[in-house]
Protein chains: 2
Amino acid sequence: MLPVAEAQAIILRHTALLPAVRLPLTTTALGLVLAEDVASDLDMPPYDKSMMDGYAVRCADLPTGQGGLQVIEEVTAGRTPTLEVGPGQATRIMTGAPVPVGADAVIPVERTHLLDGGQVRIDDRPPTPGKNILPQGREMRRGDSVLSAGTRLGPAAFGILATVGRTEALLQPRPGVAILSTGDEVVEAGQTPGPGQIRNSNGPMLAAQVARAGGEPRALGIGRDRVEDLRRLITEGLREPVLILSGGVSAGKLDLVPGVLQELGVQAHFHKVEMKPGKPMFFGTVATGPRPTATLVFGLPGNPVSSLVCFELFVRPALRRLQGREPGPRFVALPLAEDFPYSTDRPTYYPARLEPGSVGWSVRPLPWFGSADLRALAPANALVLFPAGEHQHRAGERFPVLRTGG
Amino acid sequence: MLPVAEAQAIILRHTALLPAVRLPLTTTALGLVLAEDVASDLDMPPYDKSMMDGYAVRCADLPTGQGGLQVIEEVTAGRTPTLEVGPGQATRIMTGAPVPVGADAVIPVERTHLLDGGQVRIDDRPPTPGKNILPQGREMRRGDSVLSAGTRLGPAAFGILATVGRTEALLQPRPGVAILSTGDEVVEAGQTPGPGQIRNSNGPMLAAQVARAGGEPRALGIGRDRVEDLRRLITEGLREPVLILSGGVSAGKLDLVPGVLQELGVQAHFHKVEMKPGKPMFFGTVATGPRPTATLVFGLPGNPVSSLVCFELFVRPALRRLQGREPGPRFVALPLAEDFPYSTDRPTYYPARLEPGSVGWSVRPLPWFGSADLRALAPANALVLFPAGEHQHRAGERFPVLRTGG
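Quantities reported herein were computed from a predicted structural model and do not represent experimental measurements.

Bringing the overall build of chain A into the picture now. Looking only at helices and strands, chain A features 6 helices and 29 strands. The C-alpha radius of gyration computed for chain A amounts to 31 Å, which surpasses the reference 22 Å derived for 406 residues by more than 25%, pointing to a less compact arrangement than a globule. Along the three orthogonal principal directions, the C-alpha set of chain A runs to about 100 × 55 × 40 Å. Counting over 406 residues, chain A shows a buried share of 55%. Sequence separation of at least 24 residues holds for 70% of the intrachain contacts in chain A that already meet a minimum separation of 6.

Domain boundaries assigned for chain A yield domain 1 (2-18 + 173-322), domain 2 (27-44 + 146-172), domain 3 (49-134) and domain 4 (332-403). Computed over C-alpha atoms, the centres of domain 1 of chain A and domain 3 of chain A are 67 Å apart.

Attention now goes to the environment of A:Gln267. Residue and element names in this part refer to chain A. In this structure, glutamine 267 sits in strand E20 (residues 267-274). Along the sequence, glutamine 267 and valine 363 sit 96 residues apart, while their C-alpha atoms lie 39 Å from each other. Aside from chain neighbours lying at most four places away, what touches glutamine 267 is Phe283, Gly284 and Thr285.

On to the pattern of salt bridges. Taken as a whole and assessed by the stated rule, the structure comprises 34 salt bridges over all chains. A salt bridge links B:Asp41 to A:Arg199; the nearest nitrogen and oxygen atoms lie 2.7 Å apart. With B:Asp41 in the loop between strand E4 (38-39) and strand E5 (49-50) and A:Arg199 in strand E17 (residues 198-199), this pair bridges two chains. Given a relative accessible area of 34%, B:Asp41 falls into the partly exposed group. Using a relative accessible area of 7% as the deciding quantity, one classes A:Arg199 as buried. B:Arg22 is the partner of B:Glu36 in a salt bridge, and the nearest nitrogen-oxygen pair spans 3.9 Å. Of the two residues, B:Glu36 sits in the loop between strand E3 (33-34) and E4 while B:Arg22 sits in strand E2 (residues 21-24), which places them 14 residues apart along the sequence. Classification of B:Glu36 by relative accessible area gives buried; the value is 14%. With relative accessibility at 43%, the residue B:Arg22 sits in the partly exposed group. A network of salt bridges, in which partner residues are shared, links A:Arg22, A:Glu36 and A:Arg166.

Taken as rigid bodies, chain B and chain A are interconverted by a rotation of 180° and an axial shift of 0.0 Å, the fit giving an RMSD of 0.1 Å. Expressed as an axis order, the relation between the two copies is that of a two-fold axis. Both copies share a contact surface, since 99% of the interface residues of chain B are interface residues in chain A too.

A contiguous patch of positive charge on the surface is contributed by A:Arg330, A:Arg353, A:Arg403, B:Arg330, B:Arg353 and B:Arg403. Inspection of the secondary structure assignment puts B:Arg330 in the loop between helix H6 (304-322) and strand E23 (332-335).

The next thing to look at is the nonpolar core. Judged by nonpolar contacts, the single largest core of 156 residues is most densely connected at A:Phe298, A:Phe314, B:Phe298 and B:Phe314. In this structure, B:Phe314 is in contact with B:Val4, B:Ala7, B:Gln8, B:Ile11, B:Val273, B:Met275, B:Met281 and B:Phe298, ignoring residues within four places of it in sequence.

Here we take up the environment of A:His14. All names here are of chain A. Considering the arrangement of structural elements, one finds histidine 14 in the loop between helix H1 (4-13) and strand E2 (21-24). Residue classification places histidine 14 among the partly exposed residues on the basis of a relative accessible area of 30%. Setting aside anything within four residues of it in sequence, one finds histidine 14 in contact with His269, Phe283, Thr285 and Leu296. Within the local environment of histidine 14, its side chain forms a polar contact with the backbone oxygen of isoleucine 10, the two atoms lying 3.0 Å apart.

Bringing the interface of chain B and chain A into the picture now. Taken together, the contact between chain B and chain A spans 85 residues of the former and 84 residues of the latter. A buried area of about 6700 Å², summed over both sides, lies between chain B and chain A, and 64% of it is on carbon and sulfur atoms. Between chain B and chain A we count 6 salt bridges in total. Run the count over chain B and chain A and you get 10 residue pairs in polar contact (both at pLDDT 80 or more). Within the residue set of the side of chain B that touches chain A, elements represented by two or more residues are strand E13 (145-147), helix H2 (155-163), strand E17 (198-199), helix H3 (202-212), E23, strand E25 (348-357), strand E26 (360-365) and strand E29 (398-403) of chain B. In terms of residue class, the side of chain B that touches chain A is built from 43 nonpolar, 23 polar and 19 charged.

Moving on, we come to the sheet that holds strand E14 (residues 168-172) of chain B. Residue and element names in this part refer to chain B. Pairing within the open sheet is antiparallel, and its 3 strands lie in the order E2-E14-E3. Unpaired on one side and paired on the other, E2 and E3 mark the two borders of the sheet. Alignment of E2 against E14, held across 4 bridges, turns out to be antiparallel. Pairing of arginine 22 across the sheet is with leucine 170, part of E14.

Glancing now at unusual backbone geometry. Keep in mind that most residues, glycine aside, have a negative phi and that most peptide bonds are trans. Residues and elements named next belong to chain A. Residue proline 277 is bonded to the preceding lysine 276 through a cis peptide linkage, with omega at -5°. Looking at the element boundaries, proline 277 is found in the loop between E20 and strand E21 (280-286). Residue proline 329 is bonded to the preceding glycine 328 through a cis peptide linkage, with omega at 0°. Note that proline 329 resides in the loop between helix H6 (304-322) and strand E23 (332-335). One non-glycine residue, asparagine 132, lies in positive phi territory at about 65°.

All names here are of chain A. A polar atom in the side chain of glutamate 36 sits 2.9 Å from the side chain of arginine 166. Within the local environment of glutamate 36, its side chain forms a polar contact with the backbone nitrogen of leucine 170, the two atoms lying 3.0 Å apart. Not counting residues up to four positions away in its chain, the partners in contact with glutamate 36 are Arg22, Leu147, Ser148, Ala149, Arg166, Ala169 and Leu170.

For the rest of this paragraph, the subject is the packing of helix H3 (residues 202-212) of chain A against H6(A). All names here are of chain A. Packing of H3 against H6 brings their axes to within 10 Å, and their N-to-C directions diverge by 30°. Comparing their axes, H6 and H3 come out roughly parallel. The chirality of how H3 crosses H6 is right-handed. Side by side, H3 and H6 meet where Asn202, Met205, Leu206, Gln209, Val210 and Arg212 of the first sit next to Pro304, Ser307, Leu308, Phe311, Glu312, Arg316 and Leu319 of the second. Class assignment of the residues belonging to the contact of H3 with H6 gives a composition of 7 nonpolar, 3 polar and 3 charged.

Let's shift gears to the sheet that holds strand E22 (residues 295-300) of chain A. Residue and element names in this part refer to chain A. As summarised here, the arrangement of the 7 strands in space is E1-E20-E21-E22-E19-E15-E18, forming an open sheet in which the pairing is mixed. Edge positions in the sheet fall to strand E1 (2-3) and strand E18 (216-223), since each has one partner strand and no second. Relative to E22, E21 runs antiparallel, the two being bridged by 5 bridges. The residue bridging phenylalanine 282 from the neighbouring strand is glycine 299, located in E22.

We now examine the packing of aromatic side chains. The relation between two aromatic rings is expressed through the spacing of the ring centres and the mutual angle of the planes. Residue and element names in this part refer to chain B. All told, the structure shown has 22 aromatic pairs over all chains when counted by the stated rule. Centre to centre, the rings of phenylalanine 331 and tyrosine 349 are 6.2 Å apart; their planes meet at 50°, and the pair counts as tilted. Of this pair, phenylalanine 331 sits in the loop between H6 and E23 while tyrosine 349 sits in strand E25, and the two are 18 residues apart along the sequence. Taking relative accessible area as the criterion, phenylalanine 331 reaches 27% and is therefore assigned partly exposed. Ring centres of tyrosine 342 and tyrosine 350 lie 5.1 Å apart, and the angle between their planes is 80°; on these two criteria the pair is classed as edge-to-face.

The next subject is the confidence of the model for chain A. Confidence in the prediction of chain A, expressed as mean pLDDT, is 92, and 97% of residues score 70 or more. Here the predicted complex carries an ipTM of 0.90, next to a pTM of 0.91.

The rules we used
Residues numbered from 1 in each chain as written. Chains lettered and ligands numbered in written order. Predicted model: local features only at pLDDT ≥ 70, side-chain atom pairs only at ≥ 80, totals over all residues. Heavy atoms only, no water. Helix = DSSP H or I, 4+ residues; strand = E, 2+ residues; numbered from the N terminus. Rg over C-alpha atoms; globule rule 2.2 N^0.38 Å. Buried < 20%, exposed > 50% of the residue type's maximum accessible area, 1.4 Å probe, protein only. Contact = heavy atoms within 4.5 Å. Domains from an automatic or database assignment. Salt bridge = Lys/Arg side-chain N within 4 Å of Asp/Glu carboxyl O. Least-squares fit on C-alpha atoms with pLDDT ≥ 70 in both. Patch = residues over 30% accessible without salt bridge, like charges linked within 9 Å, V, L, I, M, F, W, Y side chains within 5 Å. Areas by Shrake-Rupley, 256 points an atom, 1.4 Å probe, with all protein chains shown as cover. Lys, Arg positive; Asp, Glu negative; His and termini not counted. Charge placed at Lys NZ, Arg CZ, Asp CG, Glu CD. Core = buried A, V, L, I, M, F, W, Y, C linked by side-chain atoms within 4.5 Å. Polar contact = N/O pair within 3.5 Å; in protein donor to acceptor, adjacent residues only side chain to side chain. Buried area = accessible area lost by both parts, 1.4 Å probe. Nonpolar A, V, L, I, M, F, W, Y, C, P; charged D, E, K, R; others polar. Pairing = 2+ DSSP bridges. Axes fitted to C-alpha atoms, helices over the stretch in contact; angles between N-to-C directions. Parallel < 35°, antiparallel > 145°, perpendicular 65-115°, else oblique. Left-handed = near helix turned anticlockwise from the far one by under 90°. Phe/Tyr/Trp six-rings, centres within 6.5 Å; stacked < 30°, edge-to-face > 60°. pLDDT = per-residue confidence, 0-100.

What follows is the structure in structure tokens.
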């Protein structure tokens, strides 16, 4: 059977960046990757800027830090000075305002005392040139590259883009992900299942996983076990960059999906992966429509826990790469929070919880009775990978851990 | 000056849960906290369920695991068995289908060979009762509590809620957060600043931070330095559970905001916090409108880096508590990735990057020239807290680290 790492490598070999799109910088763009280098259209600050409310002065006038000066002007924020500060003079200035010509330091207002007759008394340590002034262009110069292609947009990047006048940018868009649940036994969550039926829990769960991985889920509903029905829905799903099929890809007698996929030109790359939970897991690709990249087709196991884990290990990395992000999955070796004897016949991804401690994070496996136990996963925010075999794992021993985000 | 921890405690003392709301379980509900206990309306599985494609058999017929049986029926998914399996008989069954009365194990199809005349030949190890069958109610029983109030909805919870027939739930809603930038020197990102003007970078940055903390940002635009203008906009902002004022709350001569806040009944709790970057940081509350909880008013420094850090330390915990989440901020002690000599006069939150390694995470401070340097924060995904004083911090030494999510 195919090891997990090889399956992941096959998927990423078939996964390329989606074409970049110009998008407005609203909060829906949060987390997207920039597809262009962005240069500044101005110096920041655009002038020598006061970093304090106070008085712009000449250091030469205040060798001891003490003295009386004549106030010649008041510059509020948004205004510009009109007068040069000469010897024995000062200008009242606000935080963020331009420093007038002639002045070379700003004394904070708390160190001053306004006297009658437009005089101000300074009582500070001796100022040095540049004190409390941010020089023009210190943050960025006009023409400087301020953000590079490949940067993922967080709040700071939003601030930087606004600083240089951007309200939109060339970004890697969210991939549309069609989700098709299959099987005559499946009914939607809003319905009461009849005999032999169960509700579609994987559809809403996969939509949530897709959204969390940065994709845009498009639910296609439930495909019945009829070739025409499946052909129509799968054709619709193949218009998106990614199609996820939930259930219906194992070797069961009425599993019609593999035949329909083949008929529609989907090339199968693998069917099974050596892991637990999971194992039956289909990956295929097909060149469709006008897109330069192939549509990726994932067939996930119908079992909810297997579906959840296979998504994290195989679909999420593909969605990340489509968006220009480092694909992962990135495992970090963390110590077990407690002894954990465990036997398994295949490498097993076990639901767990990360716990912060005084010496960093540790990982605690959660009570879990196996692949049917979806309830165990509600409090989980990680998967810990245990090797095949019979083991007495000890508290403090390190195992590879994948954050799933809870 | 007020230490950070005391300021945080004051904020949380004034912050209560928002009233719960019934919301549809679309992906916009992802990450919200459940405000009700949810019980199952059915047994799961609703019947003894086959976990394999194969044949439902009686263990008593196969003491050696080998033998020939008469196939009496075929049960596909979504159908129910109509015949009881008697001695020497078997029923063809699909994964997920109900196990017929009389059978007590399922033999995988790979271990069988269909013969002429409706006979099947079994070639397996001796089955034990219950083999490859998930008993009715093993995952959950009708009436079982499957999710408790307080659970944060991730993908697994979406799956569980769909399993028990929920398409909506009582949830802690996202708090609306009004954002008002102030100052005559500020123009919107789409405009070209005139002399003495700068673009509004804090507005888009704060909106991104609010969205990331689970809130719903409502930009009120830019308030000019005129009392009537500020009164109108602040009154509008106080209709939301949270109002953020960016700039305009320090002691500058034209900082009119404090007066307007007082006039509108906002009770001030603090103005300054002992930290870097930051320091001027206002928090107040006012009982407004029909809401049971007070509106929280945060006045953040105009400096972009100070604003970003103050949001993470003070606003984010409040937004989390309003949503029923553990407020944080949760610092974890992580080792420095490299030597880092650093002197500072106040406890300093330094932009940094978390790096995964073979022995867990370490933290690397980023090049940063101080509070005007927003560009340094674009690649940051954490803040590391360095103590006041002159220090030669060493690689491997542990410091408190706050993840900011990049």
